[in-house]
Amino acid sequence: MTNFEIYIAIIIMALVNFLTRVFPFLFFTKNDLPKSLEFIEKFFPATIMTILVFYTLKDIDFSLSPYGAKEIISILFTASLHILMKNYLISIFLGTIFYMGLVQYF
Amino acid sequence: MKYQRELKAAFKISIPVMMGYLVLGFAFGLLLVSFNYDWYLAPLMSIFIYAGALQFVAINFFNVKAGFVDIAIASLFVNLRQSFYGLSLLKRFRKTGKLKPYLIFGLTDETYALLTTIKDDEQLKKRWYYFFLTALNQIYWFVGATAGAIIGSNIEFNTAGLEFSLTALFVVLCIEQYKNLKNSIPFLVGTVASIFALIFIPSDKMLIVAIFISLLLLFFFRKRLDLND
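Residues numbered from 1 in each chain as written. Chains lettered and ligands numbered in written order. Predicted model: local features only at pLDDT ≥ 70, side-chain atom pairs only at ≥ 80, totals over all residues. Heavy atoms only, no water.

- Per an unreviewed UniProt entry, chain A is named Branched-chain amino acid ABC transporter, and its organism is Halarcobacter mediterraneus.

See below:
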């Protein structure tokens, strides 16, 4: 993208981002939610987080050796750290260092 | 200063977020300049967008020259969860007056988490306390991102693999989601939709397609999910 296109992209993202944050304040006065929205509210965050994990790996070619092994091992490493230590800073930091090590030295 | 007490209390509770935002912001800034984008885009985005996951994803948008409509739709879905935060803050924000627009703007995952876990201290002026909390968090993010971008464009780093910080962030958020839900269907839905989109859809359209498929699947499983409640 050119810088000009990037500025427009930033404006779009800023507007959409604010829209998602301001939406409930514009349309709901109390805690009166339609049923289908409640259902999406509850389950969609988990789904989108899962999709985003895959989205970040979309340019990895799983059909070529080592078949995404570095990514899969690093994800398992990060997940285990987080389950054991319950500290998201440590999990993200060490998980990333671990992956950088795999990518840079193997 | 007039609201020193509120500032102090807000600072104290925001320390864990400070550590997270400085590091994650730094990674964002470093990653951005590693693709040779101008350093000042990092502070610019941290002021006007201020959404961690979206800012990381934005680097992908720039790289693949995504279309503006695609950017708008993908941003909407990446941040859709934020719409639900406001719903539980309607009451809390009612008496915040002219500070309210900024409080809404600054509503990130972590700020939301702090705001909803705060115990009521009658001594404090609520709206200023909320304001300082929100502003401090954004300052941490801004400082981390700017430092990462400036340092990254002046010092040679071997940043290969740094982009994994985003993957790690989402993995951690998945685990946190699972702790709350104790239900694996939404994760399976996300996985199936993603793998389908990865195989059959060009990678720059993968996100939107995966989101739409997963919404369809979620509604398909709605009865089952409601039963599990």
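1. A word on the domain arrangement of chain A
No. 1: Here the domain parsing of chain A yields domain 1 (1-30) and domain 2 (33-105).
No. 2: One C-alpha centre belongs to domain 1 of chain A, the other to domain 2 of chain A; they are set 25 Å apart. (Domains from an automatic or database assignment.)

2. As for unusual backbone geometry
No. 1: A cis amide bond, omega 5°, links Ser65 of chain A with the succeeding residue Pro66 of chain A.
No. 2: Considering the arrangement of structural elements, one finds Pro66 of chain A in the loop between α2 (35-56) and α3 (69-85).
No. 3: Of note, the phi angle at Tyr67 of chain A is positive, near 55°, even though the residue is not glycine.
No. 4: By secondary structure assignment, the location of Tyr67 of chain A is in the loop between α2 and α3.
No. 5: Look at Tyr67 of chain A and you get exposed, because its relative accessible area is 51%.
No. 6: At Asn36 of chain B, a residue that is not glycine, the phi angle is positive and equals roughly 70°. (Helix = DSSP H or I, 4+ residues; strand = E, 2+ residues; numbered from the N terminus. Buried < 20%, exposed > 50% of the residue type's maximum accessible area, 1.4 Å probe, protein only.)

3. Here's the deal with the nonpolar core
No. 1: Ranked by size, the top nonpolar core spans 111 residues in total, and within it Met13 and Phe44 of chain A together with Phe61, Phe62, Phe93 and Phe170 of chain B carry the most contacts.
No. 2: Take this core: its biggest share by element is 12 residues, from α2 of chain A. (Core = buried A, V, L, I, M, F, W, Y, C linked by side-chain atoms within 4.5 Å.)

4. A short note on the side chain of Ser75 of chain B
No. 1: Here Ser75 of chain B shows up in helix α4 (residues 68-78).
No. 2: Residue Ser75 of chain B is classed as buried on the basis of its relative accessible area of 0%.
No. 3: Ignoring sequence-local partners within four residues, the contact set of Ser75 of chain B consists of Met13 and Val16 of chain A together with Leu54 and Phe61 of chain B. (Contact = heavy atoms within 4.5 Å.)

5. Details of a nonpolar patch on the surface
No. 1: Together, Phe93, Leu94 and Ile97 of chain A together with Leu22, Val23, Ile47, Phe48, Ile139, Phe142 and Val143 of chain B give the surface a local cluster of nonpolar side chains, amounting to about 820 Å² of exposed area.
No. 2: Broken down by secondary-structure element, the contributors of at least two residues to the nonpolar patch are α4 (88-105) of chain A together with α1 (4-34), α2 (41-48) and α8 (126-154) of chain B.
No. 3: Along the chain, the position of Ile47 of chain B falls in helix α2. (Patch = residues over 30% accessible without salt bridge, like charges linked within 9 Å, V, L, I, M, F, W, Y side chains within 5 Å. Areas by Shrake-Rupley, 256 points an atom, 1.4 Å probe, with all protein chains shown as cover. Salt bridge = Lys/Arg side-chain N within 4 Å of Asp/Glu carboxyl O.)

6. Comments concerning the environment of Tyr99 of chain A
No. 1: Note that Tyr99 of chain A resides in helix α4.
No. 2: Classification of Tyr99 of chain A by relative accessible area gives buried; the value is 5%.
No. 3: Among all residues touching Tyr99 of chain A, those that are not within four sequence positions of it are Ile60, Lys70, Glu71 and Ser74 of chain A together with Gly161, Glu163 and Phe164 of chain B.

7. Looking at the packing of helix α1 (residues 3-27) of chain A against helix α5 (residues 80-87) of chain B
No. 1: Where α1 of chain A contacts α5 of chain B, the two axes come as close as 7 Å, and the packing angle between them is 30°. By the angle between their axes, α1 of chain A is roughly parallel relative to α5 of chain B. Every pair of crossing elements has a handedness; the one defined by α1 of chain A and α5 of chain B is right-handed. Packed against α1 of chain A, whose contacting residues are Asn17, Thr20, Arg21, Phe23, Pro24 and Phe25 of chain A, the element α5 of chain B presents Leu80, Gln82, Ser83, Gly86 and Leu87 of chain B at the interface.
No. 2: Taken together, the residues that form the contact of α1 of chain A with α5 of chain B break down as 5 nonpolar, 5 polar and 1 charged. (Axes fitted to C-alpha atoms, helices over the stretch in contact; angles between N-to-C directions. Parallel < 35°, antiparallel > 145°, perpendicular 65-115°, else oblique. Left-handed = near helix turned anticlockwise from the far one by under 90°. Nonpolar A, V, L, I, M, F, W, Y, C, P; charged D, E, K, R; others polar.)

8. Here we look at the layout of surface pockets
No. 1: When its volume is computed, the largest pocket comes out at roughly 790 Å³.
No. 2: Lining the largest pocket are 26 residues; nearest its centre among them are Tyr85, Asp109, Ala113, Gln177 and Asn180 of chain B.
No. 3: When contributions to the lining of the largest pocket are tallied by element, the ones reaching two or more residues are α2 and α4 of chain A together with α1, α5, α7 (109-117) and α9 (164-181) of chain B.
No. 4: Per-element tally for the lining of the largest pocket: the top contributor is α9 of chain B, with 6 residues.
No. 5: Looking at the lining of the largest pocket residue by residue, the class counts come to 14 nonpolar, 5 polar and 7 charged.
No. 6: There is about 480 Å³ of room inside the second largest pocket. (1 Å grid on protein atoms, 1.4 Å probe; cavity = no way out; pocket = protein on both sides within 12 Å on 5 of 7 lines; lining within 4 Å. Points joined across faces, edges and corners; volume = space filled by probe spheres on them.)

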